[in-house]
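Next come the chains, spelled out residue by residue.
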Amino acid sequence: MLSNSIWVTGATRSGKTTRLVSQFCDWVLPALNGTSNGTSQTAVNVLVLSAIGDTRLDLVDRLTAATQGRCPFRATTPLGFFEDEVMLFWSLLIQNLGLKAQFPVRLRPENEQELATRLWRAELDEAIAQSGIRESRLVRRVLDLMQLALLSGITVEEIPTILEQGVPRLDEQTSELPLSPQTVGDMLQRWRTWCLRRGLLTYSIIAELYWRYLLTDRTYQKHLTQRYQAVLADDVDEYPAIVRSLFEFLLANGASGAFSFNPDGAVRLGLGADPNYLKGLSDRCQPEVLERRPVTCLADTLGEPVLELATDPIFFASLPDSMQTVQTTTQAELLRQTGTMIIEAVQSGQIQPREIALIGPGIDAISRYALAEILTRKGIPVESLNDQRPLASSPIIRSLLTLLALIYPGLGRLVDKDTIAEMLVVLSQRSREGRESEEPGVQEAENLSVTHAIDPVRAGLLADHCFETHPDRPRLLPANTFPRWDRLGYQATHAYEEIVRWMEGQRSQLEQRLVSSPVVLLDRAIQKFFLGGSHLPFDQLAALRELIETAQHYWEVDNRLRQSDRTDAPPSMTVNRFIQLLRQGTVTANPFPVRSIGPASNAVTLATVFQYRSSRRSHCWQFWLDAGSSRWLSGVDSLFGAPLFLQDWSGQAWTIEDTQTANEQRLRRILLDLLGRSQERVFLCYSDLAINGQEQTGILTSLVNAAVPISLEPLPV
């Protein structure tokens, strides 16, 4: 099948996706035109794969535009494809594996972690008592081992052997995994059996069901070859090893293939991707190498000197003006100077906000907030890529959780005066009309701003004097319970009484069984107090959407467990677990939409290195934040034990030297990839002292010393 399939290799932004789009048109357009060289053409059904959901949307747009929307195709991610296929052929799996005939329910990561914690309670308590490791971290680490194994085509039964060979152990324990390999294997096998009996599917189990049982089934194989005559896969260096089995089967059965591979990619290496193993698929394809980029980028001129400076401290060279350094003594000064540069450049018309990216190996919450505050204060929007903050970090979410605890019985210990006061402030918000502003971006922000009928001071007084604590039925008393209720004022008193009346009404309906689930109650509260979210800014609206989706899924799983285990626990017990789950910070939300529209689309991008590279974006200017940090070399963006589950693992114990080599290779890919995504200038943002006050001597310090310094006076605070 050499002539039917192509393997496109190229560096960042070398035109690989464009070549795949061209190949897609070569497959599907002849059938639309009716004939080709006098021969009638049959329609070609194409399976289109992309590494992640965001890049899938971009690829779909390009394919649709190239064919003017006339050619249907199926576009998904590898894990999305596995999930859809397992769901579609679930009856076949029931028959082959002897499973209970019930429709499967997929577990989200937060449900997976909670249920596994309950199942493994005995083993966890013993391990935590010996090592002191945090429970959530230990559970996630064990579950990640299962995911790494099954995405690489390794069975759960083989995990103990791999851990024995690959993880150096002292006295049968390690601080990173204080469980014996055999115990880990037993826990995972028990977890898999427990889930399958109840029809619960995690990503790990879905992956195993697909490659181990579905892809090897002849009935499924027959359907697969009938459904797809071609497969197009972009950025296969980000795919797990088991995807190669799918590709090889399709190619061996007459399908055509088009694959793109970036040697400087492998962003998801350590998170389940196996680029070297996927690269072996190139032997079945006609190779195409894209050596010349169709666009200008700094990698062409700075790639080699930057790599030499970063990897060889003895090497000395001066860098051109396209790479400069912003250097200060402290982190606070650095953030202010960086903001000053961007503000002056944008206000002078030198560059647009959408052409600027702020990138760091790890951006802490304070730096993220400070940069966003500095820029938005001057009317420059900031888009924080996949800013996965805990869902409960949003005041609106915390207030809704407090509301649940007040309405459902038996949850009085989950609320206190502070949470009550916050809830009263948030639930009393009222939208206000925007004011005209000549400053770009400010008018939109004003249109979304709100006022509060109950301010924090009055909310504190109400919580102190009108909140009656009770372990079973805490409640809010009338405003006149406060002896000096006249100090509250009409507006605050009216808003408070309105909240109390609504809560009492919902509690009455709950007792009459007129509230089917907490999801209904949450939706009613959002409609009542936030007008359905129509006037809220994007981050708050996204948090509300995530809350509703999380709650819907949580109670769907709870209903399944009640049916399978035949339990009759009170609903308030499930509400209790749900509230505590969110307060622990397990669930995260993306407060910005995938694609902004309007003025917000012209925003400065703020992202970690991993987020930025995953998004496949490019910018004229890049600011590399915290250039003196050691995290550029040793930053953790891989799962524990990940190298042991690669197909080319040597079988020997993973050593410190192996880690150092892997970090150096990762740094090389990061530098080349980032430079390939920068068109004009890179600014190295360096402070002599880190946040903790220690001197910074990271691996990029040599670049800072070789770059031309910029000196600016920071804007007044």
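Residues numbered from 1 in each chain as written. Predicted model: local features only at pLDDT ≥ 70, side-chain atom pairs only at ≥ 80, totals over all residues. Heavy atoms only, no water.

A. Quick look at the overall build of the protein chain. Counting its secondary structure elements, the protein chain contains 28 helices and 23 strands. Against the compact-globule benchmark of 27 Å for 717 residues, the protein chain has a radius of gyration of 28 Å, which places it among compact chains. When its C-alpha atoms are laid out on the principal axes, the protein chain stretches across 85 × 70 × 70 Å. When each of the 717 residues of the protein chain is scored for burial, the buried share is 52%. Counting every atom, the protein chain has about 32300 Å² of accessible surface; 49% of that belongs to carbon and sulfur. Taking the average location of the 69 positive side-chain charges in the protein chain and that of its 83 negative ones, the two points are 6 Å from each other. (Helix = DSSP H or I, 4+ residues; strand = E, 2+ residues; numbered from the N terminus. Rg over C-alpha atoms; globule rule 2.2 N^0.38 Å. Buried < 20%, exposed > 50% of the residue type's maximum accessible area, 1.4 Å probe, protein only. Areas by Shrake-Rupley, 256 points an atom, 1.4 Å probe, with all protein chains shown as cover. Lys, Arg positive; Asp, Glu negative; His and termini not counted. Charge placed at Lys NZ, Arg CZ, Asp CG, Glu CD.)

B. Local environment of the sheet that holds strand S11 (residues 323-328). Judged by pairing direction, the sheet is parallel, and its seven strands sit side by side in the order S13-S20-S12-S21-S22-S11-S23 without closing on themselves. For this open sheet the edge positions go to strand S13 (382-384) and strand S23 (708-710), each flanked by a neighbour on one side alone. Across the sheet, the mean angle from the axis of one strand to that of its neighbour is 25 degrees, orientation sign disregarded. Where S11 meets strand S22 (residues 678-687), six bridges bridge the pair, whose relative direction is parallel. By the bridge assignment, Met-323 is partnered in S22 with Val-682. (Pairing = 2+ DSSP bridges. Axes fitted to C-alpha atoms, helices over the stretch in contact; angles between N-to-C directions.)

C. Spatial organisation of the sheet that holds strand S4 (residues 46-49). Spatially, S5-S4-S8-S9-S1-S10 is the arrangement adopted by the six strands of the open sheet, whose pairing is parallel. Either end of the sheet is taken by a strand with one partner, and the two such strands are strand S5 (74-76) and strand S10 (286-290). The sheet shows a mean angle of 15 degrees between the axes of neighbouring strands, direction not considered. As judged from the four bridges shared by S4 and strand S8 (residues 230-233), these two strands associate in the parallel manner. Each residue of the ladder has a partner; that of Val-48, found in S8, is Leu-232. The strands touched by helix H1 (residues 16-33) are strand S1 (6-10), S4, S8, strand S9 (256-261) and S10; relative to S9, the strand with the most contacts, the crossing angle is about 170 degrees. Here helix H3 (residues 78-88) sits on the sheet in contact with S4 and S5, set at roughly 115 degrees to S5. (Contact = heavy atoms within 4.5 Å.)

D. Quick peek at the side chain of Asn-111. Counting through the fold element by element, Asn-111 comes out in helix H5 (residues 109-119). Those residues in contact with Asn-111 that sit more than four places away from it in its chain are His-553, Tyr-554 and Val-557.

E. Quick peek at helix H20 (residues 456-466). Considered for burial, the residues of H20 that qualify are Ala-459, Leu-461, Leu-462, Ala-463 and Cys-466. Buried residues along H20 sit in contact with helix H18 (417-427), strand S17 (467-468), strand S18 (475-476) and helix H21 (490-511).

F. Region of interest: the packing of aromatic side chains. Under the defined criterion, the tally for this structure stands at 21 aromatic pairs. Seen from their ring centres, Phe-89 and Tyr-220 are 4.9 Å apart, and the 85 degrees between their planes marks the pair as edge-to-face. Of the two residues, Phe-89 is situated in the loop between H3 and helix H4 (90-97) and Tyr-220 in helix H11 (residues 218-227); the sequence distance between them amounts to 131 residues. Exposure class is identical for Phe-89 and Tyr-220. Each is buried. With 4.6 Å between their ring centres and 20 degrees between their planes, Phe-623 and Phe-683 make a pair best called stacked. On the criterion of sequence distance, the pair formed by Phe-623 in strand S21 (residues 619-624) and Phe-683 in strand S22 is long-range, its members being 60 residues apart. Phe-623 sits in the buried class, given a relative accessible area of 0%. Accessibility expressed as a relative area gives 1% for Phe-683, which makes it buried. Pairwise contacts between aromatic rings join Phe-81, Phe-82, Phe-89, Tyr-210, Tyr-220 and Tyr-228 into one cluster. Against the face of Trp-621 rests Arg-681, its NZ or CZ located 5.3 Å from the ring centre. (Phe/Tyr/Trp six-rings, centres within 6.5 Å; stacked < 30°, edge-to-face > 60°. Lys NZ or Arg CZ within 6 Å of the ring centre and 35° of its normal.)

G. Looking closely at the confidence of the model for the protein chain. In this model, the protein chain carries an average pLDDT of 88, and 91% of its residues clear a pLDDT of 70 or more. Taken as a whole, residues 432-448 scores under 50 in pLDDT and shows 22 contacts with residues more than four places along the chain or in a different chain. (pLDDT = per-residue confidence, 0-100.)

H. The arrangement of empty space enclosed by the protein in detail. Following the criterion strictly, the structure yields three cavities of 30 Å³ or more and no others. Around the largest cavity, the lining residues are Asn-111, Glu-114, Leu-115, Arg-118, Tyr-554, Val-557, Asp-558, Leu-561 and Arg-577. For the lining of the largest cavity, the secondary structure elements donating two or more residues are H5 and helix H23 (538-565). A breakdown of the residues in the lining of the largest cavity according to their chemical character gives four nonpolar, one polar and four charged. For the second largest cavity, the calculated volume is near 60 Å³. Together, Leu-148, Leu-151, Ser-152, Gly-270, Leu-271, Gly-272, Ala-273, Asp-274, Ala-642, Phe-645 and Leu-646 line the second largest cavity. Of the residues that constitute the lining of the second largest cavity, the class distribution is seven nonpolar, three polar and one charged. (1 Å grid on protein atoms, 1.4 Å probe; cavity = no way out; pocket = protein on both sides within 12 Å on 5 of 7 lines; lining within 4 Å. Points joined across faces, edges and corners; volume = space filled by probe spheres on them. Nonpolar A, V, L, I, M, F, W, Y, C, P; charged D, E, K, R; others polar.)

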